[in-house]
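The residues making up each chain are set out below.
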2 protein chains.
Amino acid sequence: MKLLEDRIRRDGTVLPGGILKIDSFLNHCMDPVLLNEMAGEVARLFGSMGVNKILTIESSGIALAILVGLAMNCPVVYAKKSRSLNISDNVYFSDVDSYTHKTTNHVVVSKEYLSDTDRILAVDDFLATGAALRGLRDLVNQAGGEFVGAAIAVEKVFQNGGNDLRAEGMRIESLASIAAMDDYTVTFAGEL
Amino acid sequence: MKLLEDRIRRDGTVLPGGILKIDSFLNHCMDPVLLNEMAGEVARLFGSMGVNKILTIESSGIALAILVGLAMNCPVVYAKKSRSLNISDNVYFSDVDSYTHKTTNHVVVSKEYLSDTDRILAVDDFLATGAALRGLRDLVNQAGGEFVGAAIAVEKVFQNGGNDLRAEGMRIESLASIAAMDDYTVTFAGEL
């Protein structure tokens, strides 16, 4: 999506360790107009798939997800992160390793909010190793629902999580796909 | 706001300890159409106040805040919660006690995203003791900005945080104001 790629080129910075800092418009500080354009593109890409629910993960996926939910007229569920092992019987849970924070979180969703009749679109801001998407797919599978696919704001293609998941049959649409980064520049997939 | 009060009456439940569970439509599982109507009402209430930025706190304030930002054409910043004392020089931080979770969080905002020219509207899902709003106001004051007011989805009036802050001069608009709760029923302020 050219609008997003242009914004990353203009306002993104690359930090040591392969971390792309785009928190001036996509998380921490968010541009609602840009996010709403992105949500419209997601709705266009997945509009014919019979999606009835959006699933994301706190915190940074929530803003895009609620706008996708509005565009697709679906409720939006976010999986909650919990460091605690004190998990009740009333939730589905999975484990997600965070690349950025070097931690493992349990992610939980109340059983009330996922069911075997659901057709779920996952929405998240970043795709790198694919850990978050694996966790969300696991939650949907536990509920017996259908994981229709995933809409991602920014995919770091060179970390391979997306392509591994596509090879497993997951449909993933990323609005910006970064093929390579060095300390100063970002190269998008279409530019290689 | 009648739409929200009706929904609370229909789908909300009161848990022991004075916790109102409305996570089937306002957090955890969110109704984007309802939230967007609420955002429109916030924009109507604060539209003439020269607000240039929305400030909320992760995670449950983000969905309403991004829709308010879209309605008011303002960027949206969310304060991040951190249990860590490892706070850098590049952030403003404050402490917020959570009534629901019985914990204290540091909340931090990068200094890049708050400035002395900002006119800030705080947005959050709940107002009970007022701890979160005090923390957000503290962050704005540290930056030298103007705290224009706060828009809240659900205020628990009987916990007095809102009225204490109003007595200090804060403008607070709550879309639903709960005057009393027992194990079965919620009584709104207009019904007393």
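Residues numbered from 1 in each chain as written. Chains lettered and ligands numbered in written order. Predicted model: local features only at pLDDT ≥ 70, side-chain atom pairs only at ≥ 80, totals over all residues. Heavy atoms only, no water.

Draft legend 1. Spatial organisation of helix H3 (residues 62-72) of chain A. Residue and element names in this part refer to chain A. Burial within H3 is extensive, with 9 of its 11 residues counted as buried. Buried within H3 we find Ile62, Ala63, Leu64, Ala65, Ile66, Leu67, Val68, Gly69 and Met72. Looking at the residues trailing H3, positive phi occurs at Asn73, about 55°. (Buried < 20%, exposed > 50% of the residue type's maximum accessible area, 1.4 Å probe, protein only. Helix = DSSP H or I, 4+ residues; strand = E, 2+ residues; numbered from the N terminus.)

Draft legend 2. The arrangement of the interface of chain B and chain A in detail. On the chain A side, the residues contacting the 32 residues of chain B number 32 residues. Across the interface of chain B and chain A, roughly 2700 Å² is buried in total on both sides, 67% from carbon and sulfur atoms. Along the contact surface separating chain B from chain A lie 2 salt bridges. The partner of Lys21 of chain A in a salt bridge is Glu112 of chain B, with the nearest N and O atoms 3.2 Å apart. Inspection of the region where chain B meets chain A yields 15 residue pairs in polar contact (both at pLDDT 80 or more). For the side of chain B that touches chain A, the element with the most residues is helix H3 (residues 62-72) of chain B, which contributes 6 residues. Note that strand S3 (residues 29-30) of chain A and strand S5 (residues 76-82) of chain B share 2 bridges and pair antiparallel. (Contact = heavy atoms within 4.5 Å. Buried area = accessible area lost by both parts, 1.4 Å probe. Salt bridge = Lys/Arg side-chain N within 4 Å of Asp/Glu carboxyl O. Polar contact = N/O pair within 3.5 Å; in protein donor to acceptor, adjacent residues only side chain to side chain. Pairing = 2+ DSSP bridges.)

Draft legend 3. Helix H4 (residues 131-143) of chain A, seen in detail. Residue and element names in this part refer to chain A. End to end, H4 covers 19 Å across 13 residues, agreeing with the expected 18 Å (1.5 Å per residue, within 8%). By the burial criterion, the buried members of H4 are Ala131, Ala132, Leu133, Gly135, Leu136, Leu139, Val140 and Ala143. With its phi angle positive at about 80°, Gly144 sits one or two positions after the end of H4. (Expected span 1.5 Å × (residues − 1).)

Draft legend 4. Spotlight on the packing of aromatic side chains. Counted according to the given criterion, the structure contains 0 aromatic pairs over all chains. A cation over a ring is seen here: Lys156 of chain A above Phe126 of chain A, with NZ or CZ 5.6 Å from the ring centre. It is Arg171 of chain B that lies over the ring of Phe46 of chain B; its NZ or CZ is 4.2 Å from the centre. (Phe/Tyr/Trp six-rings, centres within 6.5 Å; stacked < 30°, edge-to-face > 60°. Lys NZ or Arg CZ within 6 Å of the ring centre and 35° of its normal.)

Draft legend 5. Summary view of the relation of the copies chain B and chain A. Each copy of the sequence occupies a distinct position, and chain B is placed on chain A by a rotation of 180° and an axial shift of 0.0 Å, giving an RMSD of 0.0 Å. Look at the turn and shift together and you get a two-fold axis relating the two. Taken as a fraction of all interface residues of chain B, those also at the interface in chain A reach 100%, which identifies the copy contact as same-surface. (Least-squares fit on C-alpha atoms with pLDDT ≥ 70 in both.)

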